[in-house]
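Observations on chain architecture
Each chain, written out:
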Amino acid sequence: MLKYLALLLTVIGLAAAVWLIGQTGFAQVIAGVSRIGLFGFVLFMGWSGLCLTVLGAAWLAVAPGISRAQLGTFAWARTAREGATDVLPFSQFGGLVIGARTAIAGDIRSSLVYASLIADQTTELAAQLAFTLFGVAMLATALSSNGHGPDVLPMVFGGTAVLAAIMAGFAFAQRPVLKMAQGLAGRLLPGSVATMTALTAELDAIYRLRGRVILAFLLHLVAWIFAAFGAWVALWLMGFQMRISALLALEALIFTLRTVAFAIPGGIGVQEAAYVLLGPIFGLPPSAGLALSLVKRARDVSIGIPAMLVWQAQEVRALRRRTVSGDQG
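Criteria and thresholds
Residues numbered from 1 in each chain as written. Predicted model: local features only at pLDDT ≥ 70, side-chain atom pairs only at ≥ 80, totals over all residues. Heavy atoms only, no water. Salt bridge = Lys/Arg side-chain N within 4 Å of Asp/Glu carboxyl O. Helix = DSSP H or I, 4+ residues; strand = E, 2+ residues; numbered from the N terminus. Core = buried A, V, L, I, M, F, W, Y, C linked by side-chain atoms within 4.5 Å. Buried < 20%, exposed > 50% of the residue type's maximum accessible area, 1.4 Å probe, protein only. Contact = heavy atoms within 4.5 Å. pLDDT = per-residue confidence, 0-100. Phe/Tyr/Trp six-rings, centres within 6.5 Å; stacked < 30°, edge-to-face > 60°. Patch = residues over 30% accessible without salt bridge, like charges linked within 9 Å, V, L, I, M, F, W, Y side chains within 5 Å. Areas by Shrake-Rupley, 256 points an atom, 1.4 Å probe, with all protein chains shown as cover. Polar contact = N/O pair within 3.5 Å; in protein donor to acceptor, adjacent residues only side chain to side chain. Arc of directions from axis to C-beta. Axes fitted to C-alpha atoms, helices over the stretch in contact; angles between N-to-C directions. Left-handed = near helix turned anticlockwise from the far one by under 90°. Nonpolar A, V, L, I, M, F, W, Y, C, P; charged D, E, K, R; others polar.

1. Quick notes on the pattern of salt bridges
Counted by the stated rule, this structure contains 11 salt bridges. Note that Arg81 and Asp120 form a salt bridge whose closest N and O atoms lie 3.3 Å from each other. Taken together, the positions of Arg81 in helix α4 (residues 71–87) and Asp120 in helix α6 (residues 110–146) put the pair 39 residues apart, joining distant regions of the chain. Its salt-bridge partner being Glu202, residue Arg109 comes within 2.7 Å of it at the nearest N-O pair. Within this pair, whereas Arg109 is found in the loop between α5 (92–105) and α6, its partner Glu202 is found in helix α9 (residues 193–208), the two being separated by 93 residues in sequence. The structure contains a network of salt bridges with shared partners spanning Arg78, Arg81, Glu82, Asp120 and Glu124.

As structure tokens, then:
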């Protein structure tokens, strides 16, 4: 049922994106996209690879006892996680599962992978909330100076409130939910009690290392800023000039709306509508915003599809190894 709902939301979002591009002008948007060129697009993808490495480092920071030499494992797991979220027809939850499986395939014990994933997601949401508040402050300043677009305030404030609620819920409900799951596992699946106990112990140990948690938060904040600055680079390569601070604020708000719309795979339609509505407030024409959105989509597909193919190949190899081991046993 859920997969059909995700597919329906994807179709609706895609239709909305196409309609927005048509209303803005296909020729204008495509002309903006074409100006980035092959070299510029490869450069943009390389910048995204740097962001994924920083995100991998943030995840590693809340995985105590794991060597820094495993940074590649966590960066690859984060890449697979983002790839699944961007190109597969389900929401962010499926990406989290694939990211965890990828890290476990890198010989990281499963209890630590899942515990560190929870801590990593918590620090990421906290960093995003801080970045969002910067965007809201910049939006309020822009609106007070030109008086344009007050109708967007309910949408932005609502999105910020939902993000704060998600972050608070994720942070404060972790232990109660784990305890409830542990009790349920004891009744239904007695063999899984040890796993749930180990996961809870791992998570408690992580949160006692406050320095690591703070480092993960700071690395996530750097990654959010890097990702937003990458959009500025893409616009510059396409010939659009914009103040860096304004684009950082715009990207912060768009990231927020995409996160809040987590049920829509890839936030398709939401991202495009946000550029059309919010872009002009910060001095970005709708055609330029939609061109940037298409370049981002192309980047997501160019990274996400190869990542999913490699991940699938790894899963097949792992399945074959388990089959061979079972036959020999």
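Once you've had a look at it, read on.
2. Section: the nonpolar core
In summary, soluble globular proteins display a tendency toward joint burial of nonpolar side chains. Leu250 and Phe282 are the most contacted members of the largest nonpolar core, which has 38 residues in total. Secondary-structure elements contributing two or more residues to this core are α3 (37–61), α6, α7 (152–172), α10 (210–237), α11 (244–260), α12 (270–278) and α13 (286–328). No other element matches α11, which puts 7 residues into this core. Setting aside chain neighbours within four positions, we find Phe282 in contact with Met138, Leu139, Ala142, Met242, Ala246, Ala249, Leu250 and Leu253. Membership of the second largest hydrophobic core comes to 24 residues, among which are Val62, Leu112, Ala119 and Val213.

3. Observations regarding unusual backbone geometry
Keep in mind that most residues, glycine aside, have a negative phi and that most peptide bonds are trans. Backbone geometry at Asp107 places phi at a positive 70 degrees, although glycine is not the residue there. Residue placement: Asp107 occurs in the loop between α5 and α6. Since its relative accessible area comes to 71%, Asp107 is described here as exposed.

4. Focus: the confidence of the model for the chain
The pLDDT averaged across the chain works out to 84; a share of 85% of its residues lies at or above 70. Averaged pLDDT values for the elements of the chain fall to 50 in helix α8 (residues 174–188) and rise to 95 in α3. Across residues 180–190, where pLDDT falls below 50, the model places 10 contacts with residues more than four positions away in sequence or in other chains.

5. Observations regarding the packing of aromatic side chains
Pairs of aromatic rings are described using the distance from one ring centre to the other and the angle between the two planes. All chains considered together, the criterion is met by 6 aromatic pairs. On the numbers, 5.4 Å between centres and 75 degrees between planes, the contact of Trp59 with Phe74 is edge-to-face. Of the two residues, Trp59 is situated in helix α3 and Phe74 in helix α4; the sequence distance between them amounts to 15 residues. Residue Trp59 is classed as buried on the basis of its relative accessible area, which comes to 0%. Arranged with centres 5.4 Å apart and planes meeting at 20 degrees, the rings of Phe229 and Trp232 form a pair that is stacked. Of the two residues, Phe229 and Trp232 both sit in helix α10, 3 residues apart, roughly one turn of that helix. Chaining the aromatic ring pairs together yields one cluster made of Trp47, Phe226, Phe229 and Trp232.

6. Comments concerning a nonpolar patch on the surface
Judged by side-chain polarity, Leu14, Val18, Phe26 and Ile30 come together as a nonpolar surface patch covering roughly 370 Å² of accessible area. Contributions of two or more residues to the nonpolar patch are made by α1 (2–24) and α2 (26–34). Summarising the element assignment, Val18 is placed in helix α1.

7. Overview of the environment of Trp311
One can find Trp311 in helix α13. Considering only alpha carbons, one finds Trp311 and Gly99, 212 residues apart in sequence, at a separation of 9.7 Å. Other than its neighbours up to four places away in sequence, Trp311 contacts Trp76, Ile98, Arg101 and Thr102.

8. Concerning the side chain of Gln271
Secondary-structure assignment places Gln271 in helix α12. Within polar-contact distance, the side chain of Gln271 engages the side chain of Ser293 at 2.8 Å. Ignoring any residue separated from it by four or fewer positions in sequence, one finds Gln271 in contact with Ile254, Arg258, Ser293, Lys296 and Arg297.

9. What to know about α12
Along α12, the residues classified as buried are Gln271, Glu272, Ala274, Tyr275 and Leu278. The buried side chains of α12 occupy one side of the element, clustering within an arc of 160 degrees when seen end-on.

10. Thoughts on the packing of α11 against α12
For the pair α11 and α12, interaxial distance at closest approach is 9 Å and the crossing angle is 145 degrees. Our pair here, α11 against α12, has a crossing hand that is right-handed. Only Val270, Gln271, Ala274, Tyr275 and Leu278 of α12 make contact with α11, whose side of the interface consists of Leu250, Glu251, Leu253, Ile254, Leu257 and Arg258. Looking at the contact of α11 with α12 residue by residue, the classes come out as 8 nonpolar, 1 polar and 2 charged.

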